[in-house]
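# Observations on chain architecture
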Amino acid sequence: MPPNILSSSLQNASFNIIFQIGFRILTFLLNAFVLRHVSQAAVGVMNVRLLLLESTLLFLSREAFRRACLSKTSEHYWPKVINLVWLTVPLCQLLCLIFGYIWLSVLSVPSTNITEHYTIGVWSIAISCIIEMCCEPVYLMAEAFLFVRLKVVMQTLLVLVRTIAFTSIVLYQPKAAVLAFSVAQILSITVYTVGYYVYFHFFMKNRLLERAQMELEKSKGRPYQRKDSIIGTVYDFPFNSVVEFLPSRIEDETAFDYNLALLTWSFFKQGILKQILTEGERYVMTLFSVLSFGEQGIYDVVNNLGSMAARFLFRPIEESAYFYFSQMIRRDLPITEQDSKQVGECVLVLQRLLRCLLALGLVILVFGLAYSRLLLLLYGGAGLIAGTGPLLLRTHCLSVLLLALNGITECYALASMDTKQLDRYNYVMVWLSIGFLCISWILTKLFGGVGFILANCCNMAARITHSIHYIRDQFKDTAFNPLKDIIPHRLYCITLVISGVVTQFSEIFVSPYSLLAHFLIGAVCFLITIVVWTYGERKLVQLGIEKWKQRSSKSQ
């Protein structure tokens with residue numbers, strides 16, 4: 001493994017955040033384009049019904065394998081891992097048949113006035129998911145061996161191909177939006193999968209040539225300085241050919257690692273429940289038809305805006321934090337028997353992550369309450385602010401705050417639980433899933449789309465509580481306390497309260513007469529809030545600047 005897993009994880013997070021920012025900006029512009037060319041009902045079919053199918057298939061097919069196979073990667077015997085990962089393909093095929101039948105024959109089918117290509121959309125999702133599973137072994141190796149920039153390049157390529165294909169067809173034929181979605185889906189996933197294999201083919205070919213050059217230089221008694229990979233960071237990469245990414249027979253041994261397969265099964269059982277919790281409102285919308293396709297379209301647009309912070313900032317941090325914690329903390333040992341230096345570093349990282357993300361979540365909550373209406377007006381025009389759009393987005397701001405806390409606490413818990421604890425957690429998730437679905441149905445009947453968001457807030461609050469209890473129990477007999485000092489400093493909190501009052505008055509008394517003045521008032525308050533946070537966290541900011549300078553000097 002590399003000498004500093006933390007720096008590699010931070011690099012992974014930073015590249016992911018940059019990519020997600022760019023991706024969300026592109027998606028933001030694409031959705032603004034779609035709202036002006038495609039009906040809201042068609043948006044509901046694509047962004048709720050079809051993307052829910054994709055999310056379900058991908059999550060159930062690969063999430064458990066990814067989490068299990070990225071735990072303690074330095075201890076893996078990779079041929080067995082590859083054999084295990086290839087099980088995602090037949091699993092995905094089986095799930096495609098089951099859910100494809102449900103989506104086409106059990107659920108209500110959109111009328112032809114909305115789209116004539118619903119069936120094509122369903123099977124395009126199924127085919128694209130199977131193709132993507134064929135890329136899973138290569139993707140896993142890129143993750144395990146920290147090909148950070150490769151991941152960003154391939155995801156960027158995926159988004160660009162999908163966006164160009166979709167917009168080109170919609171501009172030519174606006175009524176064929178679902179057909180355009182289907183073509184863009186299959187084309188982009190095919191390019192993405194082929195791109196991974198092509199890169200590793202040339203990477204390993206160049207690696208063999210480099211090895212031959214190194215042997216030649218050694219035979220002549222000359223030193224040889226190894227070149228760095230252009231895209232990936234590699235240490236003892238175990239394969240020499242793309243063929244080795246295919247399933248293989250292992251003589252005198254079992255085809256799979258039993259312990260890894262058992263951990264995968266634990267994550268799989270948990271994944272079913274987590275998927276219900278993650279996409280619960282979409283399942284309720286799809287199964288019980290509590291909202292029309294048009295209302296689903298509006299909800300999805302507002303939901304995408306409200307969850308931008310969670311998607312392009314929180315998720316990359318959570319993914320890198322999970323990888324970091326899973327490498328530093330052993331699942332099979334009590335925390336008191338592990339390396340105290342590594343544990344201390346993990347505690348410090350967890351504390352700072354929670355403190356920073358809580359501060360960010362509070363900023364989004366305070367300013368989101370006053371500027372939701374303005375954002376929707378600029379984004380989708382008067383149609384989005386005429387109904388419940390502003391209220392939906394304001395409620396989302398509360399859920400973002402809870403997402404910030406839940407993501408890191410749960411990712412640490414899942415990265416450090418042993419198999420028995422994971423199984424016990426599955427039972428907790430069962431009750432959370434049942435409760436969430438019931439609350440969603442009740443609150444949606446009472447409050448419409450807002451009820452979905454409120455139910456999600458209740459769900460996340462319960463998950464945060466469970467994760468906090470786990471962390472406290474894990475460290476109760478040690479000198480460490482990861483949950484200490486995670487509340488932002490007092491001056492920052494006072495500044496947020498004042499900013500909230502000022503921006504709310506501006507929303508009521510200034511915005512009806514001048515949206516520009518309302519925006520400028522918020523910009524000044526936001527700038528003051530950032531300055532106060534920087535002053536209060538000056539040690540952390542100074543540390544970040546020093547690390548950045550060290551990295552810049554090394555790169556030069």
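Predicted model only: the values in this text are computed from it and were never measured.

Per the secondary structure count, the chain includes 20 helices and zero strands. Counting only residues that meet the buried cut, the chain has 53% of its 556 residues in that class. Here the contacts in the chain between residues at least 6 apart in sequence split such that 84% fall between residues at least 24 apart. Total accessible area on the chain is roughly 26500 Å²; 65% of this is exposed by carbon and sulfur atoms.

Time to look at the pattern of salt bridges. Summed over the entire model, instances satisfying the criterion amount to seven salt bridges. Among the ionic pairs, Glu143 bridges to Lys151, the shortest N-O distance being 3.4 Å. We classify Lys151 as buried; its relative accessible area is 2%. With a shortest N-O distance of 3.3 Å, Arg394 and Glu507 are connected by a salt bridge.

This next bit is on unusual backbone geometry. With phi around 60 degrees, Asp485 is a residue other than glycine that occupies positive phi space. Within the secondary structure layout, Asp485 lies in the loop between α17 (449-474) and α18 (490-509).

Take the nonpolar core next. By size, the foremost hydrophobic cluster in this structure holds 143 residues, and its most contacted members are Phe147, Tyr196, Phe200, Phe237, Phe245, Phe325 and Tyr412. Looking at which element gives the most residues to this core, the answer is helix α2 (residues 40-69), with 17 residues. Sequence-distant contacts of Tyr412, that is, excluding residues within four places in its chain, are made with Phe325, Ile329, Ile335, Leu350, Tyr470, Ile471, Gln474 and Phe475. Val363, Tyr371, Leu374 and Tyr492 belong to the second-largest nonpolar core, a separate cluster that totals 11 residues.

Take helix α11 (residues 293-306) next. Compared with the 20 Å implied by 1.5 Å per residue over 14 residues, the 20 Å span of α11 between its first and last C-alpha is a close match. Among the 14 residues of α11, 11 are classified as buried, and the element is accordingly described as predominantly covered. Every buried residue belonging to α11 is among Phe293, Gln296, Gly297, Tyr299, Asp300, Val301, Val302, Asn303, Asn304, Leu305 and Gly306, and all of these are buried.

Right, let's get into the confidence of the model for the chain. Put simply, the chain has an average pLDDT of 82, and 86% of its residues get 70 or more. Within the chain, helix α5 (residues 118-134) carries the highest mean pLDDT (95), whereas helix α1 (residues 5-37) carries the lowest (64). A low-confidence stretch, residues 228-235 (pLDDT under 50), is modelled with 19 contacts involving residues beyond four sequence positions or located in other chains.

Before going further, it helps to examine the environment of Ser108. Structurally, Ser108 is set in the loop between α4 (88-106) and α5. Expressed as a C-alpha distance, the spacing of Ser108 and Ser289, which sit 181 residues apart in the sequence, is 8.3 Å. Non-local contacts of Ser108, meaning those with residues more than four positions away in its chain, are made with Arg49, Ser289 and Phe293.

As for its placement among the helices and strands, Arg66 is situated in helix α2. Among all residues touching Arg66, those that are not within four sequence positions of it are Glu136 and Tyr139.

Between helix α15 (residues 389-416) and α17, the shortest axis-to-axis distance is 8 Å and the interhelical angle comes to 25 degrees. Compared by their axis directions, α15 and α17 come out roughly parallel. Between α15 and α17 the crossing geometry is left-handed. Looking at the contact of α15 with α17 residue by residue, the class counts come to 16 nonpolar, nine polar and two charged.

The α-helix advances 3.6 residues per turn, and as a result positions three or four apart in sequence lie on the same side. Compared with an ideal rise of 1.5 Å per residue, which puts 29 residues at 42 Å, helix α16 (residues 419-447) spans 40 Å between its outermost C-alpha atoms and is within 8% of the ideal. The complete set of buried residues in α16 reads Leu422, Tyr425, Asn426, Met429, Leu432, Ser433, Phe436, Ser440, Leu443 and Thr444. For α16, the capping residue at the N-terminal end is Asp418, with a side-chain oxygen 3.2 Å from the backbone nitrogen of Lys420. Gly448 lies just past α16 and shows a positive phi near 70 degrees.

Before going further, it helps to spend a moment on the packing of aromatic side chains. Within this structure, the stated rule accounts for 18 aromatic pairs. Relative to Tyr199, the ring of Phe147 has its centre 6.1 Å away and its plane inclined at 80 degrees; by these criteria the two rings are edge-to-face. Here Phe147, found in the loop between α6 (136-144) and α7 (148-172), pairs with Tyr199, found in helix α8 (residues 177-219); they are 52 residues apart in sequence, far enough to count as distant. For Phe147, a relative accessible area of 1% gives the class buried. Ring pairing ties together the aromatic residues Phe147, Tyr199, Phe200, Phe203, Phe239 and Phe245, which thus form one cluster. Positioned above the aromatic ring of Tyr322, the side-chain terminus of Arg67 is 4.4 Å from the ring centre.

Looking now at the environment of Glu132. Its location among the elements puts Glu132 in helix α5. Exposure remark for Glu132: the relative accessible area of 10% places this residue in the buried category. Sequence separation between Glu132 and Val194 is 62 residues; the distance between their C-alpha atoms is 9.8 Å. The residues touching Glu132, leaving out its near neighbours within four places in the chain, are Leu58, Arg62, Ile189, Tyr192 and Thr193.

The rules we used
- Residues numbered from 1 in each chain as written.
- Predicted model: local features only at pLDDT ≥ 70, side-chain atom pairs only at ≥ 80, totals over all residues.
- Heavy atoms only, no water.
- Helix = DSSP H or I, 4+ residues; strand = E, 2+ residues; numbered from the N terminus.
- Buried < 20%, exposed > 50% of the residue type's maximum accessible area, 1.4 Å probe, protein only.
- Contact = heavy atoms within 4.5 Å.
- Areas by Shrake-Rupley, 256 points an atom, 1.4 Å probe, with all protein chains shown as cover.
- Salt bridge = Lys/Arg side-chain N within 4 Å of Asp/Glu carboxyl O.
- Core = buried A, V, L, I, M, F, W, Y, C linked by side-chain atoms within 4.5 Å.
- Expected span 1.5 Å × (residues − 1).
- pLDDT = per-residue confidence, 0-100.
- Axes fitted to C-alpha atoms, helices over the stretch in contact; angles between N-to-C directions.
- Parallel < 35°, antiparallel > 145°, perpendicular 65-115°, else oblique.
- Left-handed = near helix turned anticlockwise from the far one by under 90°.
- Nonpolar A, V, L, I, M, F, W, Y, C, P; charged D, E, K, R; others polar.
- Polar contact = N/O pair within 3.5 Å; in protein donor to acceptor, adjacent residues only side chain to side chain.
- Phe/Tyr/Trp six-rings, centres within 6.5 Å; stacked < 30°, edge-to-face > 60°.
- Lys NZ or Arg CZ within 6 Å of the ring centre and 35° of its normal.

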